[in-house]
Amino acid sequence: MFTIDPHMALPESKISAPAEDTSDDEACVLPADTMLILQQFLQEKALKERSEEAGPESAGCFEENWQLSQFWYNEETKQKLALIVKHLQENNPSDTFQVALLSAPSAFKHVVKENKNAMLFEFDERFASYGENFQQYDYNRAFDAGYMDAYAHQFNLVIADPPFLSEECIEKMGVIVKKITKQEGKIVLCSGAVVHDWAKKHFGVSMCEFRPEHERNLGNEFRSYANFDLDSILNKEQ
């Protein structure tokens, strides 16, 4: 996707400026490629403005970025994750119930309908259009001194979907999740079946019956893990 800096001057050679004796009816003509870039920039700008005005529930839809290992959940999975949020907060004795999603942006719009203060932690800065509900983060910084301390022990529920099926990724995500989860907080991990042992080691979670599914069929078997009885919640609500 092409983007253009609104403060950047267009190359002079690309613009046909009207001569001094040009009539008012004659318009400035841009080359086709420059016009395409300008149109795409204006479309992106208008989309971002509409998203910011509508709020996080209606923020613009984004395509998957496979280079960032992004694969969107299907509708049923998004609804079930939102259902877990709804059930846990209804049965939470405290006045506030805070939810965080790590690298799970496709579930955010469903979750935020149940919890308007839900926070999306995501490397991809396109989701900055979610405003105060978005925080850019990088799991590779998990061992940096003081990283994510501002969110330490803040969330009652954390839903995480590590972008890669490697122990390094699971370990670093586990460090961050444990840091930001409250002492008695709940953790849901959505990842491949191959991470089973790492999930138990670094997250302290066990495999569940619930199988998250995606809009596209993935080659790896996908499973869910949790530190509470997630399946009983979903079975009860069916």
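Refer to the structure printed above.
The structure presented is a predicted model; accordingly, all values stated were derived computationally and were not measured. Starting from 1, residues in each chain are numbered consecutively following that chain's sequence as written. Under the rules for a predicted model, residues below a pLDDT of 70 receive no local features and side-chain atom pairs below 80 are neither given nor counted, while totals for whole chains, interfaces and linings still include all residues. To obtain the side-chain values, all non-hydrogen atoms of the structure were used and water was disregarded.

**Q** How would you explain the side chain of Thr181 if you had to name every residue and give the values?
**A** With respect to the element layout, Thr181 can be found in strand β5 (residues 181-192). You can call Thr181 buried: its relative accessible area is 5%. In protein, a polar contact means a hydrogen-donor-capable atom and an acceptor-capable atom, both N or O and within 3.5 Å, with residues adjacent in sequence counting only if both atoms are side-chain atoms; elsewhere, any N or O pair within 3.5 Å suffices. In this structure the side chain of Thr181 is engaged in a polar contact, spanning 2.6 Å, whose partner is the backbone oxygen of Val177. Contacts were defined at the residue level, with two residues in contact if any of their heavy atoms lie within 4.5 Å. Those residues in contact with Thr181 that lie beyond four places of it in its chain are His153, Phe155, Val158, Lys186 and Ile187. Under the DSSP-based scheme used, a helix requires at least four consecutive residues in state H or I and a strand at least two consecutive residues in state E, with every element numbered from the N terminus. Categorising residues by exposure relies on relative accessible area from a 1.4 Å probe, with only protein chains included: less than 20% of the type maximum marks a residue as buried, more than 50% marks it as exposed, and the intermediate range marks it as partly exposed.

**Q** Now, about the pairing of strand β7 (residues 222-226): what can you tell me, with residues and values included?
**A** Most of β7 is tucked away: five of the five residues are buried. Side chains Phe222, Ser224 and Ala226 of β7 all project onto a buried face; the interleaved residues Arg223 and Tyr225 project onto the opposite face, where all are buried too. A pair of strands is labelled paired if DSSP reports no fewer than 2 bridges between them. Of the strand pairs in this sheet, β5 and β7 are connected by five bridges, and their pairing is antiparallel. Residue pairing for β7: Gly192 is matched across the bridge by Phe222.

**Q** Could you give me a rundown of helix α2 (residues 75-90), with the residues and numbers involved?
**A** Along an α-helix, residues three or four apart share an orientation, since each turn contains 3.6 residues. When the terminal C-alpha atoms of α2 are compared, their 23 Å separation across 16 residues agrees well with the 22 Å that a helix rising 1.5 Å per residue should span. Among the residues of α2, those classed as buried are Thr77, Lys78, Leu81, Ala82, Ile84, Val85, His87 and Leu88. The span expected for a helix works out to 1.5 Å for each residue beyond the first.

**Q** Pulling in residues and values, what's your account of the sheet that holds strand β4 (residues 155-160)?
**A** Within a sheet, adjacent strands bond to each other through the backbone by hydrogen bonds, running parallel or antiparallel. Spatial strand order, β3-β2-β1-β4-β5-β7-β6: seven strands in an open sheet with mixed pairing. Of all strands in the sheet, those bounded by a partner on one side alone are β3 (134-136) and β6 (206-207). Here four bridges tie strand β1 (residues 99-102) to β4, and the two strands are oriented parallel to one another. Within β4, the residue paired with Ala100 across the bridge is Val158. Every angle, taken between N-to-C directions, lies between 0 and 180 degrees, and every axis is a line fitted to C-alpha atoms, over only the stretch in contact when it is a helix. Against the sheet, α2 touches β1, β4 and β5, its axis set at about 170 degrees to β4. Of the strands in this sheet, β1, β4 and β5 are in contact with helix α4 (residues 167-180), which crosses β5 at around 150 degrees.

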